[in-house]
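What follows is the residue order along each chain.
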Amino acid sequence: MVFSSNAFLFLFLPLFLSAYYLTPNTRRLRNYVILAASYIFYGWWRIDFLSLLVFVTFFNYFVGKKIGAAGARTDKARRWMRFGVTVDVAVLGYFKYRDFGIESFNSIISATGLEPFSLSELLLPIGISFYIFESISYVIDVYRGSVKATRHPVDFATFITLFPHLIVGPLFRYKELAPQFEYRVHSFDMFGRGSVRFMQGFIKKIIIADTLAPLVNYCFAMPEPSTADVWIGVLAYGVQLYFDFSGYSDMAIGLGLMMGFKFVENFNKPFISQSVTEFWRRWHISLSNWLRDYVFYSLGGSGRKTRRRLHMMTFGTFLIGGIWHGASWTFVLWGALQGGLLLAERVMGISGNPTGFKFRHWIPTFLVAVTLSMVLFRSETVSRAWEMYQPMLFMKDVGWISEPFVGAITTMQIVTLILAYSLVVFEGLREYGPKIQLGSERVRIVSSLFLLTPLFFLAITKLSAQGYSAFLYFQF
């Protein structure tokens, strides 16, 4: 089930909220309601993969208890931690990278004239990258002693399966949410803020991202796009991905507030970044922090190391981040590109914490982080990415939009593209422009509800007309 569906909006969510608030807020009873709802939410898609989710949950709960009993950072705890991480990585590797590995191996042996292995396509369990990473963070945190192994299996299962973030994140740590499983505040103000945040995300997804999707899909499928075609398509994909993914995060954070949870933010105006380093502090923040804490530090990044070794660990961390995004050579190259750009910035001494806005710093960051690297991220194969780079970089039919592209795009898509970048500019003005106080929080909530409600119903109408609307990050 997805947030952007009528089944979720008009059946699942009202029934869940009714059951949640009718349940007494004592003895963690509401956690049981969340857990049951989360299993229904996930099983709605594929009931068979629900068993894998349950296995991963209770396997890591068991490993966490063993690590906790052995004591933080002891040899026995280290063995249990390594066992848990190995099994988690093996599960993720089997489902996510098995086909990629066999296809790559077949390409090699086919070149030598040998018979390739037969391959039946393996369906990727939705959300597996996220709940595996959260499980790994839990067993490592218990080993490091930064959180105690929980004695409450329902709390842990609720943490792993919590439906607002189960499919596309943000990535949580158990140590961040554990106190909220014991006690959390419920109020009309929090529910109101959650409703506003959910509507904002829904509008971003349906009105902006989904409107731009046909334009982007057409551009990346064109056999011979012109320079103008590619630039328009890539610029559209940048904001489509941003409003799609940040829209999901907004909805997840909003649903959390409706239940009394305070989730971490996942985006912070990434398109105003003035370096790639700053971009990764603002884009998919929960993943960036996860890679820093559980890959970079595990490689030895927290100790005193030579500059050369720190650079290698930074590059390796982003290479792993690229591989995490998908089983394709395009993601491997994309991760290597991000790691290489970060290294280049460190060598040149470029700061990731600017004190003001400088256009000469922003424009190369935007061109590299939002446009050039997005081609690799969106293309299905390396050869297709190269076909897009050629007119983009080496100019072909400069200044002209091809006739097929003109016939495919609509006025509404162009207006939406302009609207999307206007909102990006508005985000920049909020960051670097004069600060305007818009009254008390309650006044802002009521005003937002008044302004957003018509757009929310417009988005619902659009959703009903277009049917199912998947999020781009489902594939990861």
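Right above here is the structure, for reference.
The structure presented is a predicted model; accordingly, all values stated were derived computationally and were not measured. (Residues numbered from 1 in each chain as written. Predicted model: local features only at pLDDT ≥ 70, side-chain atom pairs only at ≥ 80, totals over all residues. Heavy atoms only, no water.)

To continue, consider the pattern of salt bridges. According to the stated counting rule, one finds 15 salt bridges in the structure shown. A salt bridge links Asp75 to Arg78; its shortest N-O distance comes to 2.9 Å. Taken together, the residues Asp75 and Arg78, both in helix α4 (residues 75-111) and 3 residues apart, mark about one turn of the helix. Overall, Asp75 belongs to the partly exposed group, its relative accessible area being 49%. In this structure, the salt-bridge partner of Glu431 is Lys269, at a minimum N-O distance of 3.3 Å. (Salt bridge = Lys/Arg side-chain N within 4 Å of Asp/Glu carboxyl O. Helix = DSSP H or I, 4+ residues; strand = E, 2+ residues; numbered from the N terminus. Buried < 20%, exposed > 50% of the residue type's maximum accessible area, 1.4 Å probe, protein only.)

All right, on to the packing of helix α14 (residues 329-348) against helix α15 (residues 359-378) then. Where α14 contacts α15, the two axes come as close as 8 Å, and the packing angle between them is 155°. Judged by the angle between their axes, α14 and α15 are roughly antiparallel. Where α14 approaches α15, its residues Thr330, Phe331, Leu333, Trp334, Leu337, Gln338 and Leu341 are matched on the opposing element by Val368, Ser373, Leu376 and Phe377. The class makeup of the residues in the contact of α14 with α15 is 8 nonpolar, 3 polar and no charged. (Axes fitted to C-alpha atoms, helices over the stretch in contact; angles between N-to-C directions. Parallel < 35°, antiparallel > 145°, perpendicular 65-115°, else oblique. Contact = heavy atoms within 4.5 Å. Nonpolar A, V, L, I, M, F, W, Y, C, P; charged D, E, K, R; others polar.)

For the rest of this paragraph, the subject is the packing of aromatic side chains. This structure, assessed with the given rule, holds 62 aromatic pairs. The interplanar angle of 45° and the centroid separation of 5.0 Å between the aromatic rings of Phe3 and Phe8 together place this pair among those described as tilted. Comparing Phe3 with Phe8 shows no difference in burial state: the two are buried. Taking 5.5 Å as the distance between ring centres and 15° as the angle between the ring planes, the aromatic pair formed by Phe279 and Trp283 counts as stacked. On the basis of relative accessible area, Trp283 is assigned to the buried category, the value being 3%. A cation over an aromatic ring shows up here: Arg378 above the ring of Phe220, its NZ or CZ 4.9 Å from the ring centre. Between the NZ or CZ atom of Arg378 and the centre of the ring of Tyr237, over which it lies, the distance is 5.9 Å. (Phe/Tyr/Trp six-rings, centres within 6.5 Å; stacked < 30°, edge-to-face > 60°. Lys NZ or Arg CZ within 6 Å of the ring centre and 35° of its normal.)

Phi at Arg73 is positive, roughly 60°, even though this residue is not glycine. You can see Arg73 is positioned in the loop between α3 (47-70) and α4. Positive phi, close to 50°, is recorded for Lys269, a residue that is not glycine. Tracing the backbone through its elements, the reader meets Lys269 in the loop between α10 (227-258) and α11 (276-282). Judged by relative accessible area, Lys269 falls into the buried class, the value being 18%.

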